[in-house]
Amino acid sequence: MRILIKNIKSLIQVDDGSRLKVGGTDMKILPCLENAWLAIDEGLIADYGAMNDFPGIADWSDLTIIDATDKLVFPSWCDSHTHIVYAGSREAEFVDRINGLSYEQIAQRGGGILNSAFRLQSASEEELIQGSLNRLNEVMMQGTGAVEIKSGYGLSLESELKMLRVIKKLKELSPLTIKATFLGAHAVPVEYKNKKEKYIDLILNEMLPQIAEEKLADYCDVFCEQNYFTKEETIRILETSQKYGLKGKVHAEQLSNNGGIEAGVKCNAISVDHLEYISDKDIELLKNSKTIPTILPGAQFFLQLPHPPVRKMIDAGLAVAIASDYNPGSSPSGNMNLMISLGCILYKMTAEETINAATINSACAMDLSKTHGSIAVGKAANLFITKEIPGYSFLPYSFGSNLIETIIINGNIIKQ
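A quick note: this is a predicted structure, and the numbers were derived from the prediction, not measured.

Here is what the cut-offs are and how they apply
- Residues numbered from 1 in each chain as written.
- Predicted model: local features only at pLDDT ≥ 70, side-chain atom pairs only at ≥ 80, totals over all residues.
- Heavy atoms only, no water.
- Helix = DSSP H or I, 4+ residues; strand = E, 2+ residues; numbered from the N terminus.
- Expected span 1.5 Å × (residues − 1).
- Buried < 20%, exposed > 50% of the residue type's maximum accessible area, 1.4 Å probe, protein only.
- Contact = heavy atoms within 4.5 Å.
- Salt bridge = Lys/Arg side-chain N within 4 Å of Asp/Glu carboxyl O.
- Patch = residues over 30% accessible without salt bridge, like charges linked within 9 Å, V, L, I, M, F, W, Y side chains within 5 Å.
- Areas by Shrake-Rupley, 256 points an atom, 1.4 Å probe, with all protein chains shown as cover.

Undergrad: Explain helix α7 (residues 231–243) residue by residue, including any values.
TA: For α7, which comprises 13 residues, the first-to-last C-alpha distance of 19 Å matches the rise-based estimate of 18 Å (1.5 Å per residue) to within 8%. Looking only at α7, the buried set comprises Glu 233, Thr 234, Ile 235, Ile 237, Leu 238, Thr 240 and Ser 241. On its buried face, α7 sits against β8 (177–185), α6 (196–214), β9 (219–224), β10 (247–252) and α8 (260–266). Following α7 by one or two positions, Gly 245 adopts a phi angle in the positive range, close to 85°.

Right, dumping it as structure tokens:
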């Protein structure tokens, strides 16, 4: 399909394709082209420009024309941290938190990650695929065009492989661009209570080799947190995963400062995520690394954790990314429009900063900057067209509204 979008009020996040991320004061700059047109051919962005310089149409065959008068065109959101593959919801824990129990107390009662692991082990691959596809379709219609999906609710060789095989199948079934992350080190399963070293050996000596043999994952993640995995254990797991060709990611400094960022930087992790308890020392470490600091406002808001010091991170020059952390326990929403609203409202990020964080920087946190995250010739034609709105700041401002009118993925218009 060939598509021409004309009379675009504002074409958001345009560039020449050379930017891989933006940090510091550059995050306040959002390059846009007013009164624009954009051409799509064979699933890619073919060209764009100002309407005043529109060259006309030479070939009308197989051409769909969209009039975007008073509407904005964005590159699709890139969501670099999700747990979309799961079995069953956890609203009972939501009620427990309302009644005063903490995340740790719920986990100690058999809730949290172990609750999801128990449910997932009895679910079939077919059930997991269908539930996950429904969630992927949901986030796609909310503007997401690329998504990372983690395992980590299996916590056994059989169930972790099951999750990753489901993610591999989702890559075939969904039009979205999907990256897979192995998160066997999400929690210590009940049967390994007081025997964590044996579970780590299982990860290193059985899970990782099999995952590498079947080419089931792009990344390896570790939940580096008190009562979960230490900094030293995180380093050990990530260094081993590198030998199998898996780049590292880290759940870092969410509930305490436990050395996750230190471990991630040491292992050249592609990202460190959460960061509610990031320290000034951690910020300095990230300044001298290629690791992307990723904030997850959905989980922070849902669990009512301290705000990550986002202003301090950006003012230090860091390229901050935003992701949803879509999961059944601590962030049951993959709506990236809501995430950028929370970034503005909770952390005092500007609209420009949140849009950069949710597009080019979150693409970078998935190794996708060369193909996603901005409007550039040759990049994937993953974008969305808004309804008639005054400007891009109206999107985070209207935090409860659905302002997206048209979804285009790989150059195809997606029907509601």
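So that's the structure; there's more coming.
Undergrad: Provide a residue-level description of the pattern of salt bridges, including the pertinent values.
TA: Tallying each qualifying case throughout the model produces 18 salt bridges. As a salt-bridge pair, Asp 15 and Arg 19 come within 2.9 Å of each other at their nearest N and O atoms. A salt bridge links Asp 201 to Arg 236; its shortest N-O distance comes to 3.1 Å. Residue Asp 201 is located in helix α6, and its partner Arg 236 is located in helix α7; the two are separated by 35 residues in the primary sequence. By relative accessible area, which is 27% here, Asp 201 ends up partly exposed. Connected via shared salt-bridge partners are Lys 28, Arg 311, Asp 315 and Glu 353.

Undergrad: Please give an account of the side chain of Asn 356 that cites residues and values.
TA: Positionally, Asn 356 belongs in helix α13 (residues 351–358). For Asn 356, a relative accessible area of 0% translates into the label buried. With near-sequence residues (within four places) excluded, Asn 356 lies in contact with Gln 13, Arg 19, Val 22, Asp 26, Met 27, Ile 29, Leu 30 and Asn 361.

Undergrad: Help me get a handle on a nonpolar patch on the surface, residues and values and all.
TA: A cluster of nonpolar side chains, contributed by Phe 94, Val 95 and Ile 98, occupies part of the molecular surface with about 280 Å² of accessible area. Within the fold, Val 95 resides in helix α1 (residues 91–98). Under the relative-accessibility criterion, Val 95 is labelled partly exposed at 42%.

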